[in-house]
Amino acid sequence: MNFHGITISEALKAELESMEKSRRMPHAIIISGGDGQSRESLSRHLAMWAVCESSQKPCGECRACIKAQSKNHMDIYYAKGRGKTDIIPVDEVRNIIKDSVIVPGEAHKKVYIFYDADKRMAKEGYNAFLKTLEEPTQDTLFILTAESAKTLPVTIISRCAVLNISAKESIPEDTLVLAREILKGIIALREMELMKACAALSSRQKALEVLPVIRTVLSDALSLSVGAEPLCDAETATLLRQKLTKAKIISLIDVTSNAINKTNRNVNPTILTTWLCGEYRRISWQK
Ligand SMILES: [Zn+2]
């Protein structure tokens, strides 16, 4: 993925690249943290990525990219608000859902952007949206932006990939401790430590809290090699970077993303934990 024209952390770049490489680009993304302008520029960048006609996306130069930049691309739609508060009415959400099943006009994908969803979307709107998020059409990308993803309904968060622009959004201490234990378990000598730490993931809710943090620390470990500032846990990130090769860290990020997807798809938590534990172990121990 090309990143010219936007300023985002190395960790976020690594996360996006890993998603793109593994062809697991999500169909729904929440962009949270940072300021309004950075959220807006990242959503426009991802929309450009979705419609770009070049092989190195987004090129910023092709016909589709130029249209996307000037908000004139027919396959990129910005949800419209109404009245003083600019609330996105439920009718607008329904119209978007209806439109999303129609094939794109020019590009391979259709993109729908909901700016400031935390302030502009109401409960009815979210409810109307849920089923579509569960069973999206292949060629759709929904982007929601919010000051903090935590203010959105859990049912929505669990169906989207959350991209955090800044680390300012604080991670609860117990979540961080758990993520740290699992990460240390991955590089521990005895398998027991990893198995013990992973046991907490058998709660779906816990898994949805902890797995993204694990992925962020792994991305931090990766970005350390380019001298970037870690987003969340510098100490664990440094430790991981010392013990693991870059290729292994990338594999661990991929497997964690995969686990998040499986959790979102309601895979049995016990089966998921056993699988994930095995994958972590396999990657960390392979020659
Ligand atoms: Zn392009």
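Cut-off values and rules
- Residues numbered from 1 in each chain as written.
- Predicted model: local features only at pLDDT ≥ 70, side-chain atom pairs only at ≥ 80, totals over all residues.
- Helix = DSSP H or I, 4+ residues; strand = E, 2+ residues; numbered from the N terminus.
- Buried ≥ 20, exposed ≤ 12 C-beta atoms within 10 Å, placed from the backbone.
- Contact = placed C-beta atoms within 7 Å.
- Pairing = 2+ DSSP bridges.
- Axes fitted to C-alpha atoms, helices over the stretch in contact; angles between N-to-C directions.
- Expected span 1.5 Å × (residues − 1).
- Arc of directions from axis to C-beta.
- Core = buried A, V, L, I, M, F, W, Y, C linked by C-beta atoms within 7 Å.
- Domains from an automatic or database assignment.

Trainee: Which parts of the structure should I look at to understand the environment of Ala128?
Mentor: Take Ala128: it is sitting in helix 6 (residues 123-134). Its 17 C-beta neighbours within 10 Å are what place Ala128 among the partly exposed residues. Separated by 48 residues in sequence, Ala128 and Lys80 have C-alpha atoms that sit 16 Å apart. Setting aside its immediate chain neighbours within four residues, Ala128 contacts Val90, Val93, Arg94 and Ile97.

Trainee: I tried to follow the sheet that holds strand 1 (residues 28-32) on my own but got confused; where do I start?
Mentor: Strands belonging to one sheet form pairs held by backbone hydrogen bonds; the direction of such a pair is parallel or antiparallel. Strand order in the open sheet formed by five strands is 2-3-4-1-5, with parallel pairing between adjacent strands. Strand pairing shows two members of the sheet lacking a second neighbour, strand 2 (76-78) and strand 5 (161-164), which therefore form its edges. Adjacent strand axes in the sheet meet at a mean angle of 20 degrees when their direction is disregarded. Strand direction decides the pairing type here: strand 1 and strand 5, joined by four bridges, are parallel. For Ile29, the partnering residue across the bridge sits in strand 5 and is Ala161.

Trainee: Explain the pairing of strand 1 here, please?
Mentor: Each regular strand shows side chains that alternate between the opposite faces of the sheet. Counting buried residues along strand 1, five of its five residues qualify, which places the element largely inside the surrounding structure. Burial of strand 1 is two-sided: the residues Ala28, Ile30 and Ser32 facing one way and the residues Ile29 and Ile31 facing the other way are all buried. Sheet topology note: the strand 1/strand 4 (residues 140-146) ladder contains five bridges and is parallel. Following the sheet pairing, Ile31 is matched in strand 4 by Thr145.

Trainee: Looking at this structure, how should I read helix 6?
Mentor: The α-helix advances 3.6 residues per turn, and as a result positions three or four apart in sequence lie on the same side. Its twelve residues give helix 6 an end-to-end C-alpha distance of 17 Å, which sits within 8% of 16 Å, the value for a rise of 1.5 Å per residue. All of the buried residues along helix 6 are Gly125, Phe129 and Thr132. The buried residues of helix 6 occupy an angular sector of 45 degrees when the element is viewed end-on, so they sit on one face. The exposed set on the far side of helix 6, more than 90 degrees from its buried face, consists of Lys123, Leu130 and Lys131. Against helix 4 (90-100) lie the buried residues of helix 6.

Trainee: Just to check I follow, could you spell out unusual backbone geometry for this structure?
Mentor: A negative phi angle is the norm for most residues apart from glycine, just as the trans form is the norm for most peptide bonds. The linkage connecting Lys57 with the following residue, Pro58, adopts the cis geometry, with an omega of -20 degrees. With phi around 50 degrees, Asp116 is a residue other than glycine that occupies positive phi space.

Trainee: What should I look at first to understand the nonpolar core in this one?
Mentor: Across soluble globular proteins, nonpolar side chains have a tendency to be buried as a group. Membership of the largest hydrophobic core comes to 81 residues, with the highest contact counts inside it found for Ile30, Ala47, Val51, Phe114 and Ile143. When residues of this core are assigned to domains, at least three fall in each of domain 1 (10-164) and domain 2 (173-285). Excluding residues that lie within four positions of it along the chain, Phe114 makes contacts with Ala79, Ile88, Met121, Ile143 and Leu144.

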